[in-house]
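Spelled out, the chains give:
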Amino acid sequence: MVKHKDLSIEFCGVKCENPFFLSSSPVGSNYDMCSKALETGWGGIVYKTIGVYIPDECSPRFDNTRKEATPFLGFKNMEQISDKPLEKNLEMMAKLKKDYPDKILIASIMGENEEEWKKLSKLVTEVGADIIECNFSCPQMTSSTMGSDVGQNPELVKKYTQSVCSATHLPVMAKMTPNIGNMEIPAIAAVKGGAASISAINTIKAITRIDFNHYTAMPVVNGKSSISGYSGKAVKPISLRFIAQMAQHPDLANIPLSGIGGIENWEDAAEFLMVGARNLQVTTAIMQYGYRIVEDMISGLSYFMQAKGFNSLDEMVGIALDNIIPAEEIDRDFKIIPKIDEDVCVGCGRCYISCYDGAHQAIEWDEDNRRPSITDDCVGCHLCMNVCPIEGCITPGEVKFKEGRDPHEVIVG
Amino acid sequence: MNDKKKYLTEAIKPYTPLLAMEEASRCLLCHDAPCSKGCPAGTNPAKFIRSIRFKNIKGAAETIRKANILGGVCARICPYDKLCEEACSRTGIDKPIEIGRLQRFATDFEQAIGMKILEAPEATKEKVAVIGSGPAGLAAAANLALMGYKVTIFEEKSTPGGVLTYGIVPSRLPQNIVDQEIRYVKDLGVEFKLDCKVGKDITLDELKSEGYVAFVLSIGLQQPKLINIPGINLEGVTTAIDFLAAAKPNNGNIDVSQNVIVIGGGDVAMDCATTAKLLGANKVSIVYRRTYEEMPANKDEVRYVSELGVNIIYGFTPKEIIGDNGKVVKLKAVGFKDDSLLELKADKIIFAIGQIAENSKEIADLNISIDGKNLVLANEETCETNIENIFAAGDVVNEGKTVVEAVAAGKAAADSLNKYLTSLREVQSDDTEVVAEKKGVK
Ligand SMILES: Cc1cc2nc3c(=O)[nH]c(=O)nc-3n(C[C@H](O)[C@H](O)[C@H](O)COP(=O)(O)OP(=O)(O)OC[C@H]3O[C@@H](n4cnc5c(N)ncnc54)[C@H](O)[C@@H]3O)c2cc1C
Ligand SMILES: Cc1cc2nc3c(=O)[nH]c(=O)nc-3n(C[C@H](O)[C@H](O)[C@H](O)COP(=O)(O)O)c2cc1C
Ligand code: SF4
Ligand code: SF4
Ligand code: SF4
């Protein structure tokens, strides 16, 4: 019957059956959950962040944003690190590694000072974790000596990474906060401190909505709320950007990256691989749909490799990086005039409205036939193509060179 | 679109990728999805809809094809409203997910890109014969080939497919879809012997002497039912089987009369009415003895024929056919529940009141158990008959249900046949061991 591709990939010197991992969060916070996830096909687990500190969680603690009828565009949480006793977590991790020796266990840890970081590093090494992830990035810790406040400070990142590395022989991965302009700075600091790898992103500080009865953010916790972490599909573009920028940075050239943020299907996964991630982590999509989503990630990615002729994931990693270039290097010699397929057009006029109100008034509207036509004023911005509700109705057409520019071969997307 | 073209073109439009995604997005992605429990063939809608939702259309096609060799056929003609869609949780909000159309989207995609999902291993196992190439036979043959048997289908007609090819109207099931799925079966290495009626052109004993060791009997119901009323032998009186079997293989190039009456109230009657109307009949009426509610035909089909202008008359049963010069001119019918009278002009009357099975004793084995209606007495789950190497599936057992149930039965027959031959092989190898031990070889 159908033969599926080998999706195995090496990450930080560890051979992974596939790149799909749970990211550190409630989706991997006890033995039974992780066991179910691994049985469903996930290649590994980043266990829920453990610490010496035990948080006191609020209720409710989640909200999600919608656009029209689509829920979960983005997801907001107010959760901190694991609220289970440290010993209990260590016990469950040990059992996981024992029962699933071929799957990968990454221990996520967070300390409050060098001693704690060292202690946690040693403990998770003893339980048999394959890799350690340092959580420098939770944006809703109730203590400023922990979480994203640390991740924004390169000195602290370096210092704590050193502490962790000093107490283990395992590869150490530093998890970055996106609440920062240049992620390369703390990432390089982590590498200087001994990190073998960088993962990104943790959640983005956000307010999803304002509650109109209590005049506070969502979710409402006894009439109040806090700014806290945003994740899910909406953050994917931001995460892709951070991963690409780190992958392109010369000082991080050989550092394996783990991509996190809004991954829910094989296309998202392929995109992260193409901008340089070798490992992929997921939370929000699992919270919304369950572990089963990995089945279609595995099957879909495998079919994609077959269709494109990739023999291994390695061939895909970073394949887009050379084509993502600075704005000043973009070829600006031409404009591509869209063409409208009259047979497919249903005459909604959305292209006309958007071109008038948001672009260059380059579409004429035939009132009698209710059909658009593009005029010479078109600058080739393709807003119309972005808004047209019909697939394949507006497509890229003629390539026109600007005056005085040399005509040359142009790839039309 | 002219009517002939309408006859040959699928009435329901395919989804575009965007529409398929919109529909898949309506799916609630249920935990213990009732839709998947509702499919007799185990096509697992919840799983393939989830694949579409997560942009894995190839995976969706894989799920369907692995479970149902006639996935594209079933996508079009399954009575979903009584199967997977009936159980759909989304009904609690508004209306069920259009599972059939999504299935069609995935299988059309599979065909469009020439995906090859199923691959049979080398046929190293025994020779087995499937009698009849309808959905039950095709499903049995495909699954047997996938298990490594050398499979031959014997079919009395010159084109395979059974009712799919000779019955169901092209506007619901175009022939190219049937041909494509039969090609999938052929690609698995299944041989087709056409124009070969078992029991007439070749006997079961001859097949055995050719080396066939086990059989699937899937001959459907080939004899039309008629009622014994005056005028039944007049020219112009015909049966659904004969009428439809002439129309579809000829791409609708047949002579239809001006005033057509169809007797019956099932899907077959609807197909006859659609065919007659689209192929040029001036006036088409359906005469059905019970009420609208009791009519077994799919209600969408009833709506469809009504929109074509077919006149449906409820509550009347035929009493006499009046002829002139040996030809039909009029139908007389009486009320089923009262003594109302109805007279309708007609130059063609089509009986679509069901079919009956041919005698399997004459086709397969003198000793096979059949009932008074010629139905083969077989275990409906395992398809076993009283003859250990004959398994029966489809209409010939269940008296005519649906394509998907015929597919499910064909799969079950293949499994049972495999179990039977596997156990025979084990006994044989035990025997050779005993003999070997006796000879002192071991
Ligand atoms: C007009 C019509 C419309 C229908 N519409 C629907 C529908 O919309 N949805 C649905 O689910 N079901 C529908 N059905 C029912 C469905 O088609 C049947 O339940 C299904 O085809 C049964 O499959 P089968 O393989 O048992 O038999 P068949 O499809 O009847 O196939 C039997 C095959 O065996 C061959 N055969 C018979 N005797 C011999 C012999 N001695 N030697 C060799 N070959 C032989 C026949 O020629 C035939 O090809 C419809 C039926 C009809 C007649
Ligand atoms: C409810 C919730 C709890 C989380 N807890 C942790 C945590 O304990 N440690 C951590 O490193 N990241 C935590 N995260 C962040 C996720 O691991 C992940 O980095 C982020 O959600 C982006 O990925 P996603 O879009 O797939 O959810 C949490 C996220 C959510 C939604
Ligand atoms: S999801 Fe479960 S734990 Fe959370 S509020 Fe609902 S029932 Fe309670
Ligand atoms: S938006 Fe698309 S469909 Fe609507 S009028 Fe413009 S071209 Fe036609
Ligand atoms: S029952 Fe309906 S809503 Fe639920 S999984 Fe099946 S198709 Fe989707």
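Everything quoted here is computed from the prediction, not taken from an experiment.

Draft legend 1. Representation of the overall build of chain A in the model. A tally of helices and strands in chain A yields twelve helices and 20 strands. For the C-alpha atoms alone, the extent of chain A along its principal axes is close to 75 × 55 × 50 Å. Here chain A holds 413 residues, and 53% of them are scored as buried. Once local pairs closer than 6 in sequence are excluded, the contacts in chain A between residues at least 24 apart make up 70%. Of the roughly 18,700 Å² of accessible surface on chain A, 50% is carried by carbon and sulfur atoms.

Draft legend 2. Quick peek at the site of ligand 5. In the vicinity of ligand 5, the residues found are Cys27(B), Leu28(B), Cys30(B), Ala33(B), Pro34(B), Cys35(B), Ile49(B), Cys88(B), Ser89(B), Arg90(B), Ile97(B) and Ile99(B). In terms of residue class, the shell around ligand 5 is built from ten nonpolar, one polar and one charged.

Draft legend 3. Quick look at the nonpolar core. Ranked by internal contacts, the top residues of the largest apolar core, which has 170 residues, are Trp42(A), Leu301(A), Met316(A) and Leu144(B). When residues in this core are grouped by element, the largest group, eleven residues, is from helix α17 (residues 403-438) of chain B. Contacts of Met316(A), omitting those with residues within four sequence positions, involve Ala270(A), Leu273(A), Met274(A), Leu301(A), Phe304(A), Met305(A) and Phe310(A).

Draft legend 4. Geometry of a nonpolar patch on the surface. All names here are of chain A. A grouping of Ile207, Ile210, Phe212 and Ile227 is seen on the molecular surface, where their side chains present a nonpolar patch of about 440 Å² in accessible area. In this fold, isoleucine 210 is placed in strand β12 (residues 210-211). Taking relative accessible area as the criterion, isoleucine 210 reaches 44% and is therefore assigned partly exposed.

Draft legend 5. Local environment of the domain arrangement of chain A. Looking at the assigned domains, one finds that chain A contains domain 1 (9-323) and domain 2 (331-401). Of note, the centres of domain 1 of chain A and domain 2 of chain A, computed from C-alpha atoms alone, are 41 Å apart.

Draft legend 6. Examining the interface of chain A and chain B more closely. On the chain B side, the residues contacting the 19 residues of chain A number 21 residues. Together chain A and chain B conceal approximately 1,800 Å² of surface at their shared face, both sides included; 48% is due to carbon and sulfur atoms. At the boundary of chain A and chain B, one finds three salt bridges. Residue Glu295(A) is joined to Lys47(B) by a salt bridge in which the shortest nitrogen-to-oxygen separation is 3.8 Å. Summed over the shared surface of chain A and chain B, the number is 13 residue pairs in polar contact (both at pLDDT 80 or more). Elements supplying a minimum of two residues to the side of chain A that touches chain B: α8 (266-274) and α10 (293-308) of chain A. Among the elements that line the side of chain A that touches chain B, the one with the most residues is α10(A), at seven residues. Residue classes in the side of chain A that touches chain B are distributed as eight nonpolar, four polar and seven charged.

Draft legend 7. Examining the sheet that holds strand β10 (residues 316-324) of chain B more closely. All names here are of chain B. What the three strands build is an open sheet, ordered β10-β11-β12; its pairing is antiparallel. In the strand order of this sheet, the two ends are held by β10 and β12 (341-345), each with one partner. Each strand of the sheet is rotated relative to its neighbour by a mean of 25°, with strand direction disregarded. One ladder, built from eight bridges, connects β10 with strand β11 (residues 327-335); its direction is antiparallel. When the bridges of β11 are listed, phenylalanine 316 appears paired with glycine 335.

Draft legend 8. Fine view of the side chain of Thr216(A). All names here are of chain A. Examined against the element boundaries, threonine 216 turns out to sit in strand β13 (residues 216-217). From its side chain, threonine 216 meets the backbone nitrogen of serine 225 in a polar contact 3.1 Å long. With sequence-adjacent residues up to four places away left out, threonine 216 is seen in contact with Arg209, Ile210, Asp211, Gly223, Lys224 and Ser225.

Conventions used here
- Residues numbered from 1 in each chain as written.
- Chains lettered and ligands numbered in written order.
- Predicted model: local features only at pLDDT ≥ 70, side-chain atom pairs only at ≥ 80, totals over all residues.
- Heavy atoms only, no water.
- Helix = DSSP H or I, 4+ residues; strand = E, 2+ residues; numbered from the N terminus.
- Buried < 20%, exposed > 50% of the residue type's maximum accessible area, 1.4 Å probe, protein only.
- Contact = heavy atoms within 4.5 Å.
- Areas by Shrake-Rupley, 256 points an atom, 1.4 Å probe, with all protein chains shown as cover.
- Near = heavy atom within 4 Å.
- Nonpolar A, V, L, I, M, F, W, Y, C, P; charged D, E, K, R; others polar.
- Core = buried A, V, L, I, M, F, W, Y, C linked by side-chain atoms within 4.5 Å.
- Patch = residues over 30% accessible without salt bridge, like charges linked within 9 Å, V, L, I, M, F, W, Y side chains within 5 Å.
- Salt bridge = Lys/Arg side-chain N within 4 Å of Asp/Glu carboxyl O.
- Domains from an automatic or database assignment.
- Buried area = accessible area lost by both parts, 1.4 Å probe.
- Polar contact = N/O pair within 3.5 Å; in protein donor to acceptor, adjacent residues only side chain to side chain.
- Pairing = 2+ DSSP bridges.
- Axes fitted to C-alpha atoms, helices over the stretch in contact; angles between N-to-C directions.

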